[in-house]
Amino acid sequence: MELRQLEYFVAVAEEQNFTRAAERVHISQSGVSAQIRQLERELGAELFDRSARTATLTVAGRAALEHARAALAAAGAVGQAVGEVTDLIRGRITVGMVTGCTVTPLFDALAAFHQAHPGVEISLLEGNSDRLVEGVRAGTIDLALIGTATATPDGLDALTIIRERLVVAVPAGHPLARLRRVTLRDLIAYPIVCMPPGTGLRTVFDHACAAQSLQPTIALQASAADAIADLAARGLAVAVLSNSMAASYRDRLTARTIDDIETPALLALIWKSTHSPAVRELLVHSRRAFANPDPAEELSRSCRSR
């Protein structure tokens, strides 16, 4: 008994016609008939009633049909599994990362993935969050770590790593440092230094200002939290950062949560599809790497831009 005989048998059973079945499997009608006759001889029973214009299953044929389908499905699954492993061994994966972010858990995930699948070529590129989202949607990036204001960007899957409130960070002598509660209206009385448009943190801030019809003065912009903190520490502007970012500069800046920005800034892994075995495997390693009891503490030491 051969798989092709089972394939022809299923085709005739579904088409109820030898001619249409032959067209479906791309061989002659006589070839289909000969192979099914051979299968019937091996099984010792006729599978079709050929007395009418349509080929109808006999009792034996009905009994055999589901088993034939299962055998073909199993054979297909074997081929798919081997194909996926082959693709993974010889594949390539492109990972995106927000500019200026040295995210240790992501690097741990990449290292573990590389050790498990050394034949996969890994490309790592930086960009602002908006560009990374576009790359994932376009299929030029397989997986990206982004800052975002939305838990799951439209059309993509996401794994949220951390969610944090926005804070204002100022030198100890600044008037805002003396307030117990800081609102957006308090904040916009001063020039501001923050992330540029296209970053998740800036998107949260801009949306919150727009919701209250406020127009802040963005005096300075920088992609790295270090630069933002340095400018704020020198009194040039008040800094808008996430809580974990500001924690890295508590020796020279005082942070206050912006009371009326309740939407958190998120750090998330995003991807478009898990049809790629490489993406599925990297997600497994990423979930393990980011399973830190307090990922925000880890990221506050490593991620300086979102």
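In the block above lies the structure referred to throughout.
Residues numbered from 1 in each chain as written. Predicted model: local features only at pLDDT ≥ 70, side-chain atom pairs only at ≥ 80, totals over all residues. Heavy atoms only, no water.

> Any chance you could explain the packing of aromatic side chains here in plain terms?
In this description, a pair of aromatic rings is defined by centroid distance and the angle of the planes. A full pass over the atoms with the stated rule returns two aromatic pairs. Between Phe-18 and Phe-48, the ring centres sit 5.8 Å apart and the planes meet at 70°, which makes this aromatic pair edge-to-face. Remark: Phe-48 occurs in strand β1 (residues 48–49) and Phe-18 occurs in helix α2 (residues 18–25); sequence separation between them is 30 residues. Of the two residues, Phe-18 and Phe-48, neither departs from the other in class, the shared state being buried. (Phe/Tyr/Trp six-rings, centres within 6.5 Å; stacked < 30°, edge-to-face > 60°. Helix = DSSP H or I, 4+ residues; strand = E, 2+ residues; numbered from the N terminus. Buried < 20%, exposed > 50% of the residue type's maximum accessible area, 1.4 Å probe, protein only.)

> How do you make sense of the packing of helix α1 (residues 3–15) against α2 when you look at a structure like this?
A packed helix pair is summarised by two numbers, namely the angle formed by the two axes and the spacing between the axes. Direction vectors running N to C along α1 and α2 enclose 130°, while the axes themselves pass 8 Å from each other. Regarding the angle of α1 to α2, the classification is oblique. Considering the relative orientation of α1 and α2, their crossing is right-handed. Seen from α1, the contacting residues are Glu-7, Tyr-8, Val-10, Ala-11, Val-12, Glu-14 and Glu-15; seen from α2, they are Phe-18, Arg-20, Ala-21, Arg-24 and Val-25. Residue composition of the contact of α1 with α2, by class: seven nonpolar, no polar and five charged. (Axes fitted to C-alpha atoms, helices over the stretch in contact; angles between N-to-C directions. Parallel < 35°, antiparallel > 145°, perpendicular 65-115°, else oblique. Left-handed = near helix turned anticlockwise from the far one by under 90°. Contact = heavy atoms within 4.5 Å. Nonpolar A, V, L, I, M, F, W, Y, C, P; charged D, E, K, R; others polar.)

> Before we go on, may I ask you to explain the sheet that holds strand β5 (residues 143–148) in this structure?
Remark on secondary structure: sheet strands pair via backbone hydrogen bonds, oriented parallel or antiparallel. With mixed pairing, five strands are arranged side by side in an open sheet as β4-β3-β5-β12-β6. Single-partner strands in this sheet number two, and they are β4 (121–127) and β6 (157–164). This sheet shows a mean twist of 20° between the axes of neighbouring strands, independent of strand direction. (Pairing = 2+ DSSP bridges.)

> Where do I start with the sheet that holds strand β9 (residues 218–221) in this structure?
Spatially, β9-β8-β10-β7-β11 is the arrangement adopted by the five strands of the open sheet, whose pairing is mixed. The open sheet has two free edges, formed respectively by β9 and β11 (254–257), since each of these has just one partner strand. Taken pair by pair, the neighbouring strands of this sheet meet at an average axis angle of 30°, ignoring direction. Here strand β8 (residues 192–194) pairs with strand β10 (residues 238–242) via two bridges, running parallel. When the sheet's bridge partners are listed, Ile-192 is paired in β10 with Val-238. Strands in contact with helix α8 (residues 200–211) are β7 (166–170), β8, β9 and β10; relative to β10, the strand with the most contacts, it is inclined by about 115°.

> I tried to follow the pattern of salt bridges on my own but got confused; where do I start?
Where charged atoms from two side chains of opposite charge approach closely, those side chains can pair. Overall, the coordinates contain 13 salt bridges when judged by the stated rule. For Glu-15, the salt bridge identified is with Arg-20, shortest N-O distance 3.7 Å. Take Glu-15: its relative accessible area is 23%, and that puts it in the partly exposed class. Each of Glu-14, Glu-15, Arg-20, Arg-24, Glu-66 and Arg-69 takes part in salt bridges that share partners, so that together they form one network. (Salt bridge = Lys/Arg side-chain N within 4 Å of Asp/Glu carboxyl O.)

> Is there a simple way to explain the packing of α1 against helix α3 (residues 29–43) in this structure?
Viewed as axis vectors pointing N to C, α1 and α3 meet at an angle of 110°, and their least axial separation amounts to 9 Å. With respect to each other, α1 and α3 are oriented roughly perpendicular. Every residue of α3 that contacts α1 at Arg-4, Gln-5, Leu-6, Tyr-8, Phe-9 and Val-12 is listed here: Val-32, Gln-35, Ile-36, Gln-38, Leu-39 and Glu-42. Here the residues of the contact of α1 with α3 are counted per class, giving seven nonpolar, three polar and two charged.

Geometric descriptors of this kind do not, in isolation, establish any biological role.
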